[in-house]
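Reading the structure
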Amino acid sequence: MDRIITDKLIGSLNKICPNRVRTNQNLSDISSWRIGGIADCIVEPAGIKELQNVIKLAREEKVPTIVLGAATNLLFADEGLRALGIRIGKHMSQVIINGDTVVAEAGAWVPLLARKVGKAGLAGCEHIVGIPGTIGGLVYMNGGSKRRNIGTNVQSVICVDSDGKIVEMSNSECKFSYRSSVFQQENMQKIIVKVTLQFPERESPSEVRRRMLNILEERRKKFPKEYPNCGSVFLSDPNMYQQFGPPGLVIERCGLKGLRVGGAEVSTKHANFIVNLGEATAQDVLALIKYIHEIVCKKTGLLLKSEVRYVNEYGSILSINA
Ligand SMILES: Cc1cc2nc3c(=O)[nH]c(=O)nc-3n(C[C@H](O)[C@H](O)[C@H](O)COP(=O)(O)OP(=O)(O)OC[C@H]3O[C@@H](n4cnc5c(N)ncnc54)[C@H](O)[C@@H]3O)c2cc1C
C-alpha cells in the first residue's frame, strides 16, 4: 500500500505545528497497553487555530485522521496506523476555575484536573481522580467511577468539526448515557477542544482530598499495576451489575482469571483487566476478548460489551464486540 502520509504533508504539518510532528511513532510507546505497530505520523496541535489548520490540510490532502488523547482506552493494531493521528494532550491542557465553573482544555490530565477542583473547595470530582486520561477522552467515553459519569457535570463542550468549524454543544446535545456520548457515533467526527464543567457543591478542600485519597487507595488495592493494561475491558452495564454483579466478578466466576493468549492475560488480580505480560500483540488481546465473551455468554447468557476500542490500521475506531 502506498504511503498516505507523504513527505510534502509532513513538511506542511511541521509548518503548522513546529516540533510537534512525530513520524514513525511506535504506538506501543504511547498506548497504556504498550501494544501497537508503527504510526506514520502523529501531530500535537497547541490550540484551536493550529488544530483547524491541521484539519483543513488533512481534508485538502484527503488524508484520514483519528483523534487521540492519552491512549489509555485504545488497542492499536499490530500493523500500526496509516492515518494521521491528531493528539490532543499537554499542549492544550489549561484549566481555569471560576466559582463553581471549571473550563478545561481537552488535553487536561484528569487526575490533575480533579486535584485542582478539589483544592478549590468544589466537591463531586473525586470519582475521576484515579482515571489516567485526558478530559476530552473522558467526555467522549462519559467515563467515571463509583457508578458515576463525568457527563453529569458537563455544562457544555466546544468542538472543532471536520470542516474546521467551531461548534458549541450543550449537555443535552452530548446525549450522555452510561459510558456513552454522541461523540462515539460513527459519523460524528468532532474533536473536543474545551469542556465547561460545573460543581455546585462546596466542601473544605481537606475533606475532598481525604475522599480522593481513599478512592486512590481502594483502586491501588483492587487494580493490577504490575503490567501494562487499559483499565476495565468490559462495560459494567448498570442492569447487569444489579443482577449479576460487575463484569470482573462474572468473568472470575466463569473460571477465566489467569487465562492467557500469547502475552495477554486475564489479570489474576482483577478479571475485568487484561494485562500485557511483555510481548502481547493486539491479536492476542482480541482473541482473549473474543474467548471471554464466548465463555461468559455460554455459561451465563450475558453478552459482555467491550469498553476499550480497537484502532485499525486505517484509523477507524471500532468497538470490540466479539
Ligand atoms: C489503569 C486504568 C484505569 C482506568 N480506570 C477507568 C475508570 O475508572 N473509569 C473510566 O471511565 N475509565 C477508566 N480507564 C479508561 C480510560 O482512562 C478512560 O476512558 C479515559 O477517559 C480515556 O481518555 P484518553 O485521553 O486516554 O482517551 P484515548 O484512549 O486516547 O481515546 C479514547 C476515545 O476518545 C476519543 N477522544 C480522545 N480525546 C478526544 C477529543 N479531544 N475529542 C474527541 N474524541 C476524543 C478517541 O478518539 C477514542 O475513541 C482506565 C484506564 C486505565 C489504563
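Let's shift gears to the pairing of strand E6 (residues 95-98). With 4 bridges connecting them, E6 and strand E7 (residues 101-105) associate as antiparallel partners. Within E7, the residue paired with Ile 96 across the bridge is Val 103. Here E6 folds back onto E7 in antiparallel fashion, the turn holding 2 residues, of which Gly 99 has a positive phi close to 65°.

Our focus in this paragraph is unusual backbone geometry. Even without glycine at this site, Lys 62 takes up a positive phi of about 55°. With respect to the helices, strands and loops of the structure, Lys 62 is situated in the loop between helix H3 (48-60) and strand E3 (65-68). At Arg 147, a residue that is not glycine, the phi angle is positive and equals roughly 65°. Among the secondary structure elements, Arg 147 is positioned in the loop between helix H5 (135-141) and strand E8 (154-160). For Arg 147, a relative accessible area of 39% translates into the label partly exposed.

Right, let's get into the domain arrangement of the protein. Under the domain assignment, the protein is made up of domain 1 (7-89), domain 2 (91-208) and domain 3 (224-319). Between the C-alpha centres of domain 2 and domain 3 the distance comes to 26 Å. Taken together, the contact between domain 2 and domain 3 spans 6 residues of the former and 8 residues of the latter. The largest contributions to the domain 2 side of the interface with domain 3 come from Met 141, Arg 147 and Tyr 178, which together make up 66% of the buried area. Between domain 2 and domain 3 we count 0 salt bridges in total. Inspection of the domain 2/domain 3 interface yields 3 residue pairs in polar contact (both at pLDDT 80 or more). For the side of domain 2 that touches domain 3, a count of residues per class yields 3 nonpolar, 1 polar and 2 charged.

Basis of the calculations
- Residues numbered from 1 in each chain as written.
- Predicted model: local features only at pLDDT ≥ 70, side-chain atom pairs only at ≥ 80, totals over all residues.
- Heavy atoms only, no water.
- Pairing = 2+ DSSP bridges.
- Helix = DSSP H or I, 4+ residues; strand = E, 2+ residues; numbered from the N terminus.
- Buried < 20%, exposed > 50% of the residue type's maximum accessible area, 1.4 Å probe, protein only.
- Domains from an automatic or database assignment.
- Contact = heavy atoms within 4.5 Å.
- Buried area = accessible area lost by both parts, 1.4 Å probe.
- Salt bridge = Lys/Arg side-chain N within 4 Å of Asp/Glu carboxyl O.
- Polar contact = N/O pair within 3.5 Å; in protein donor to acceptor, adjacent residues only side chain to side chain.
- Nonpolar A, V, L, I, M, F, W, Y, C, P; charged D, E, K, R; others polar.

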